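A closer look at the structure
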Amino acid sequence: MLLTSTDAGKIALEFLLADWNISEDYRDWFTIFNSRLTGEYWYIVELGVEGFPDKWFIQVYDTGACDPNYTFISPISGSEGYLDLKNLPDIIADVLVAERNSR
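Since we're looking at a predicted model, the values are computed, not measured.

Cut-offs used in this document
Residues numbered from 1 in each chain as written. Predicted model: local features only at pLDDT ≥ 70, side-chain atom pairs only at ≥ 80, totals over all residues. Heavy atoms only, no water. Helix = DSSP H or I, 4+ residues; strand = E, 2+ residues; numbered from the N terminus. Rg over C-alpha atoms; globule rule 2.2 N^0.38 Å. Buried < 20%, exposed > 50% of the residue type's maximum accessible area, 1.4 Å probe, protein only. Areas by Shrake-Rupley, 256 points an atom, 1.4 Å probe, with all protein chains shown as cover. Lys, Arg positive; Asp, Glu negative; His and termini not counted. Charge placed at Lys NZ, Arg CZ, Asp CG, Glu CD. Contact = heavy atoms within 4.5 Å. Phe/Tyr/Trp six-rings, centres within 6.5 Å; stacked < 30°, edge-to-face > 60°. Lys NZ or Arg CZ within 6 Å of the ring centre and 35° of its normal.

A word on the overall build of the chain
For the chain, the helix and strand inventory stands at two helices and four strands. Listing each helix as α and each strand as β along the chain from the N terminus yields α-β-β-β-β-α. Over its C-alpha atoms the chain spans a radius of gyration of 14 Å, differing by no more than 12% from the 13 Å that the globule rule assigns to 103 residues. Principal-axis analysis of the C-alpha atoms gives the chain an extent of 45 × 25 × 20 Å. A burial count over the chain gives 38% of its 103 residues as buried. Accessible surface, the chain as shown: approximately 5900 Å² in total, 52% of it carbon and sulfur. Taken as two groups, the 7 positive and 17 negative side-chain charges of the chain have centres that lie 6 Å from each other.

Structure representation (structure tokens):
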């Protein structure tokens, strides 16, 4: 394995920011909660916004590529409203709204 768990976490975060077209200015809003080796050739990286229950799980291969079919999990559905997002920057709130609505 050429990647470390730290490398995999950084790659997953870069992937998520690029996938949602989020500026580097908002990088610090995201947290890498866990990065664990699964099997011989990939890591599962858990990302989220600190203080929120929403999580992304992104598979990072030993080549440095990310599986574009990542998993998003939240105990909050779109139908429950978005009051918890009012103190977030608009771009991050928009991403969480879209993810919650897509479940």
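Alright, that's what it looks like, and here's the rest.
Examining the environment of Pro-89
For Pro-89, the location among the structural elements is in the loop between β4 (71–73) and α2 (90–102). Linking Pro-89 and Trp-29, residues 60 residues apart in sequence, is a C-alpha distance of 9.1 Å. Excluding residues that lie within four positions of it along the chain, Pro-89 makes contacts with Tyr-26 and Trp-29.

Some words on the environment of Asn-69
Mapped onto the fold, Asn-69 is located in the loop between β3 (55–61) and β4. Judged by relative accessible area, which is 64%, Asn-69 ranks as exposed. Considering only alpha carbons, one finds Asn-69 and Gln-59, 10 residues apart in sequence, at a separation of 8.5 Å.

Focus on the environment of Leu-88
Looking at where Leu-88 falls in the secondary structure, it is placed in the loop between β4 and α2. Between the C-alpha atoms of Leu-88 and Tyr-43, which are 45 residues apart in sequence, the distance is 29 Å. Once residues lying within four places of it in the same chain are set aside, the contact partners of Leu-88 are Trp-29, Val-49, Phe-52, Ala-93 and Leu-96.

Some words on the packing of aromatic side chains
In the structure shown here, the tally under the stated rule is three aromatic pairs. On the basis of an interplanar angle of 85° and a centroid distance of 6.2 Å, the ring pair of Phe-15 and Tyr-70 is categorised as edge-to-face. Of this pair, Phe-15 sits in helix α1 (residues 5–19) while Tyr-70 sits in the loop between β3 and β4, and the two are 55 residues apart along the sequence. In this structure Tyr-70 comes out as buried when scored by relative accessible area, which is 17%. With a centroid separation of 5.2 Å and 55° between ring planes, the pair formed by Trp-56 and Phe-72 is classed as tilted. Of this pair, Trp-56 sits in strand β3 while Phe-72 sits in strand β4, placing them 16 residues apart in sequence. A relative accessible area of 11% places Phe-72 in the buried class. Three or more aromatic residues joined by ring pairs make a cluster, and in this case those are Phe-30, Trp-56 and Phe-72. The ring centre of Phe-33 lies 4.2 Å from the NZ or CZ of Lys-55, which sits over that ring.

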